[in-house]
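Analysis of the macromolecular model
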Amino acid sequence: MGETIREQKILAIKGDTYNKYLISNFKEYFGKNLLDVGCSIGNLIKFFLNKDMVIGIDIDKKALKIAEKRYKNYKNFKALCLDISKKDSLKLKGYNIDTVFSSNVIEHIKDDQAAFNNIFKILRKNGRFLLLVPSIKTLYGTMDNYDGHYRRYSKKELLYKLKKAGFVIENIRYINFFGILGWYT
């Protein structure tokens with residue numbers, strides 16, 4: 001039992017370091033009113049609490065309850081049970097969101113084009129959509145399937161879908177090439 005706890009602590013430290021790394025790739029683009037799509041239990045929310053407003057959405061009510069409990073003392077945080085690919089997510093338009101952030105979530109959504117379309121509609125004019133998705137379609141395998149991924153993206157496919165939703169692409173690049181090694185071990 002003691003080793004399991006130690007392993008969990010090590011994983012938590014590594015996870016936080018990884019999350020800091022992920023956020024650092026987008027740091028210069030975050031605005032003041034942020035929507036975290038697929039926030040789950042709120043592991044990334046802590047990096048946004050200096051913003052004027054942070055809304056975390058997810059379809060998992062149990063995970064959202066944990067996020068709400070973790071950040072109950074922050075008046076600038078709100079957790080909502082919404083599916084970004086459904087029309088009811090458009091009620092977020094009233095929040096003046098200037099940044100939508102989504103990290104490793106869109107690949108779990110069957111109708112990703114509907115999600116992209118809704119995100120575009122939710123963002124205020126000149127807002128930014130900061131997106132991290134698994135890439136390199138040929139890597140799609142049992143780990144992706146087990147994790148509930150519908151897809152991995154090629155740059156071409158992602159660009160097409162984002163432009164179709166109305167986005168103008170400012171920057172697109174690959175990160176975390178070392179993560180590829182995990183798919184071959």
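Residues numbered from 1 in each chain as written. Predicted model: local features only at pLDDT ≥ 70, side-chain atom pairs only at ≥ 80, totals over all residues. Heavy atoms only, no water.

Looking only at helices and strands, one finds 5 helices and 5 strands in the protein chain. Starting at the N terminus and walking to the C terminus, you meet the elements of the protein chain as α-β-β-α-β-β-α-β-α-α. Counting all 185 residues of the protein chain, 42% fall into the buried class. In the structure as shown, the protein chain presents an accessible area of about 11,500 Å², 55% of it carried by carbon and sulfur atoms. (Helix = DSSP H or I, 4+ residues; strand = E, 2+ residues; numbered from the N terminus. Buried < 20%, exposed > 50% of the residue type's maximum accessible area, 1.4 Å probe, protein only. Areas by Shrake-Rupley, 256 points an atom, 1.4 Å probe, with all protein chains shown as cover.)

Another point: helix α3 (residues 112–122). Among the 11 residues of α3, 8 are classified as buried, and the element is accordingly described as predominantly covered. Here α3 has its buried residues at D112, Q113, A114, A115, F116, N118, I119 and I122. Residues of α3 that are buried make contact with β1 (33–37), β4 (99–103), β5 (128–132) and α5 (155–165). (Contact = heavy atoms within 4.5 Å.)

Structurally, L90 can be placed in the loop between β3 (77–81) and β4. Spatially, the C-alpha atom of L90 lies 9.9 Å from that of F120, the residues being 30 residues apart in sequence. Excluding anything up to four places from it in sequence, L90 contacts N118, K121 and I122.

With that out of the way, let us pick up unusual backbone geometry. Peptide bonds are, in most cases, trans, and in most cases residues other than glycine have a negative phi. If you check the backbone angles, N96 has positive phi at about 55° while not being a glycine. Position of N96 relative to the elements: it lies in the loop between β3 and β4. The partly exposed category is assigned to N96, whose relative accessible area is 40%. Positive phi is not limited to glycine here, since N104 has a value of about 55°.

Strand order in the open sheet formed by 5 strands is β3-β2-β1-β4-β5, and the pairing between neighbours is parallel. The sheet is open, and its two edges are formed by β3 and β5, each paired on a single side. Neighbour-to-neighbour, the strand axes of this sheet turn through a mean angle of 15°, independent of strand direction. As paired elements, β1 and strand β2 (residues 53–58) share 5 bridges and run parallel to each other. Of the residues in β2, the one forming a bridge with L35 is I55. (Pairing = 2+ DSSP bridges. Axes fitted to C-alpha atoms, helices over the stretch in contact; angles between N-to-C directions.)

A few words on the packing of α3 against α5. At a minimum axis separation of 8 Å, α3 and α5 run at an interaxial angle of 45°. Considering the angle they form, α3 stands oblique to α5. Classified by chirality, the crossing of α5 by α3 is right-handed. Only L158, K161, L162, K164 and A165 of α5 make contact with α3, whose side of the interface consists of D112, Q113, F116, N117 and F120. Partitioned by chemical class, the residues of the contact of α3 with α5 number 5 nonpolar, 2 polar and 3 charged. (Parallel < 35°, antiparallel > 145°, perpendicular 65-115°, else oblique. Left-handed = near helix turned anticlockwise from the far one by under 90°. Nonpolar A, V, L, I, M, F, W, Y, C, P; charged D, E, K, R; others polar.)

This part covers the pairing of β1. Across the 5 residues of β1, 5 count as buried, placing the element largely inside the fold. By the alternation rule, side chains of β1 split into N33, L35 and V37 and L34 and D36, which are all buried.

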